[in-house]
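The chain contents come next:
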Amino acid sequence: MSSPPLPHLALIGAGITSLTLSIRLSALAIPHTIYEQSASLTELGAGLGFGPNAVRALEYIDPRLVEIFNKTATFVGNPSHQGKELLVQEGKGVDERVWIEFLDGTKQGGGETLKPEFVITAGNGRGHAAVHRGQWLDVLGGLADKERIMFGKRVVDVVCLDGKMRIVFADGTEAGADGVVGCDGVKSKVREVLMGMLGEGRERGKCGYSGKYAYRCLVPWGKAVEAVGDDRAGVSSLWMGLNRHLLTFPVHRQSEQFLNLVAFVTDEDGQMWPQEGPASLTLPATKADALRDFEQAGFSGSVRRLLEMTKERMDKWGLYDVADRPLSKFYFGRIMVIGDAAHASTPHHGSGAGFCMEDISVLGALFEESIAHQSLTVETLEDVFAAFDCQRRERDQWLVNSSRRAADLYQWRIPDFLEPNSFEKMKADIEQRQEYCWGFDVEAAVREAKKHMSERLTLHTQS
């Protein structure tokens, strides 16, 4: 008995999530086409963090990804001198990799002498690493089948017509598919369409302003060392303060090393960006703007020196997410969303990319189980998408909400953590939440997904 023809999928967007999913689908011989609005592969931003959960998911998706990752990533867990002292005092041993050293940004003193208030480690040698976004997209582009990508295709609508999904593009053309997977990121058009299909109105599908923005830039390594010393530049550091925090970590781009600097600001008036669906997530900014924002909040010393090492002109990014308008389901019929399109989050847990990789590992397992049962058809696509929603939505939406809270914790905006000597309490809270991010058991999740899919397929056959 021959197997039924596999359904053809349309992946919307050609970013990191889409290309990674395409690699997995190709391994399963599932036909698909990628539609990208840009003229080429492009990725905004600089540093991309991968925690232990992300690396385990990559191993399941395609072992080649882990091999390349280990060669290209900057492992930011080499403890600084200060970190080593603190870890020894706590009896943890210096083998544990540092995630971030947390400092009081309002204290005077140089980065090379200022000791952290506390240190968060990834533990058990698992570590945390960073890659340059553009470089990682190039890696994915080299492994994915570029012949599948259709550039210059900006989606304006998705409809179901005569049992077929129809994707409508801004250039007036259309394309058909058996199923549609929205991988189109924070400003997802597919999310808007899906929200409309769910009866909640397309406007609610737009991302919302989190009330924070960030200055982002890469500081040449020599300047970073000049500003804060080699030890401090070589470890991920987060300077805390009221309504502000600044994060730095080393990252490589090609053969050059930089310090990735992200300076986060609470927009107290909430007027810097529109509340929903901005035309652009970035606005032009200057070094003077960043210095003024942080000086007003009492930051000086190392933070000021780092900001003075940035370019005269830079970008500031509005931080948007779906915390205020979460999806009630990640699918409707044969349309679904995944990654940032499903659960756009602010970056304060450093886990957005990791959760996207988790999504792909689970969705891949669902497809794999369906193929094993010779039951992956147009009719069962909705079962696959429903199983994905059941397996992933609760955890993914936890990240969205917890990430917002993490930023307020770093910026001393949560009353329960403002009493004297509250750093230990803050550390315990962060450790608990980061462990929830990093401790994801990919193998168990895959087993559960396959079991769930098998049960759904049995019910589908009996109905």
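Scoring rules and cut-offs
- Residues numbered from 1 in each chain as written.
- Predicted model: local features only at pLDDT ≥ 70, side-chain atom pairs only at ≥ 80, totals over all residues.
- Heavy atoms only, no water.
- UniProt positions renumbered as here; feature names shortened; annotations may be inferred.
- Phe/Tyr/Trp six-rings, centres within 6.5 Å; stacked < 30°, edge-to-face > 60°.
- Helix = DSSP H or I, 4+ residues; strand = E, 2+ residues; numbered from the N terminus.
- Buried < 20%, exposed > 50% of the residue type's maximum accessible area, 1.4 Å probe, protein only.
- Pairing = 2+ DSSP bridges.
- Contact = heavy atoms within 4.5 Å.
- Axes fitted to C-alpha atoms, helices over the stretch in contact; angles between N-to-C directions.
- Salt bridge = Lys/Arg side-chain N within 4 Å of Asp/Glu carboxyl O.

As annotated in an unreviewed UniProt entry, the protein chain carries the name Salicylate hydroxylase and comes from Podospora comata. In its Sequence similarities (unreviewed entry) section, the UniProt record describing the protein chain reads: "Belongs to the paxM FAD-dependent monooxygenase family."

A. Local environment of the packing of aromatic side chains. According to the stated counting rule, one finds 14 aromatic pairs in the structure shown. Relative to phenylalanine 423, the ring of phenylalanine 118 lies with its centre 6.2 Å away and its plane at 45 degrees, an arrangement referred to as tilted. Of the two residues, phenylalanine 118 sits in strand S6 (residues 118-121) while phenylalanine 423 sits in helix H14 (residues 423-438), which places them 305 residues apart along the sequence. Its relative accessible area of 0% is what places phenylalanine 118 among the buried residues. Plain terms: the ring middles of tyrosine 209 and tyrosine 320 are 5.4 Å apart, the flat faces sit at 35 degrees to each other, and that makes the pair tilted.

B. Main features of the environment of phenylalanine 264. Locating phenylalanine 264 in the fold gives a position in strand S16 (residues 256-266). By relative accessible area, phenylalanine 264 is classed as buried at 3%. Once the C-alpha coordinates of phenylalanine 264 and glutamine 411 are considered, the two residues, 147 residues apart in sequence, prove to be 9.1 Å apart.

C. Molecular detail of the sheet that holds strand S1 (residues 9-12). Read from one edge to the other, the open sheet built from six strands follows the order S8-S2-S1-S12-S20-S19, with strand pairing classed as mixed. Edge positions in the sheet fall to strand S8 (149-150) and strand S19 (331-332), since each of these pairs with one other strand and no more. Pairing of S19 with strand S20 (residues 335-337) involves two bridges; the strand directions are antiparallel. The residue bridging phenylalanine 332 from the neighbouring strand is isoleucine 335, located in S20. Against the sheet, helix H1 (residues 16-27) makes contact with S1, strand S2 (32-35), S8 and strand S12 (179-182), and its axis sits at roughly 170 degrees relative to S2, the strand it touches most. Together, S1, S12, S19 and S20 form the strand contacts of helix H6 (residues 189-197), whose direction differs from that of S20 by roughly 125 degrees.

D. Here's a closer look at the pairing of strand S9 (residues 155-161). Both S9 and strand S10 (residues 164-169) contribute to a ladder of six bridges, which runs antiparallel. Note that in S10 the partner of valine 158 across the bridge is isoleucine 167.

E. Examining the sheet that holds strand S7 (residues 129-132) more closely. Reading across from one edge, S3-S7-S4 is the order of the three strands in this open sheet, with antiparallel pairing throughout. The open sheet has two edge strands, strand S3 (47-50) and strand S4 (74-75), and neither has a second partner. Note: S3 against S7, four bridges, orientation antiparallel. Among the inter-strand pairings, phenylalanine 50 is bridged to a residue of S7, identified as alanine 129. Across the sheet, helix H5 (residues 133-143) lies against S3 and S7, angled at about 80 degrees from S7, the strand it touches most.

F. Molecular detail of the pattern of salt bridges. Per the counting criterion, the structure on display carries 30 salt bridges. Notably, a salt bridge pairs arginine 232 with glutamate 101, separated by 2.7 Å at the nearest N-O pair. Here arginine 232 is found in helix H8 (residues 230-233), whereas its partner glutamate 101 is found in strand S5 (residues 98-104), with 131 residues between them in sequence. Residue class for arginine 232 comes out buried when judged on its relative accessible area of 0%. Classification of glutamate 101 by relative accessible area gives buried; the value is 0%. Residue aspartate 359 pairs with arginine 392 through a salt bridge whose shortest N-O separation is 2.7 Å. Placement of aspartate 359 in helix H12 (residues 352-372) and of arginine 392 in helix H13 (residues 381-410) is noted, with a sequence separation of 33 residues between them. Taken together, the shared-partner salt bridges in this structure form one network comprising Glu358, Asp359, Arg392, Arg395 and Asp396.

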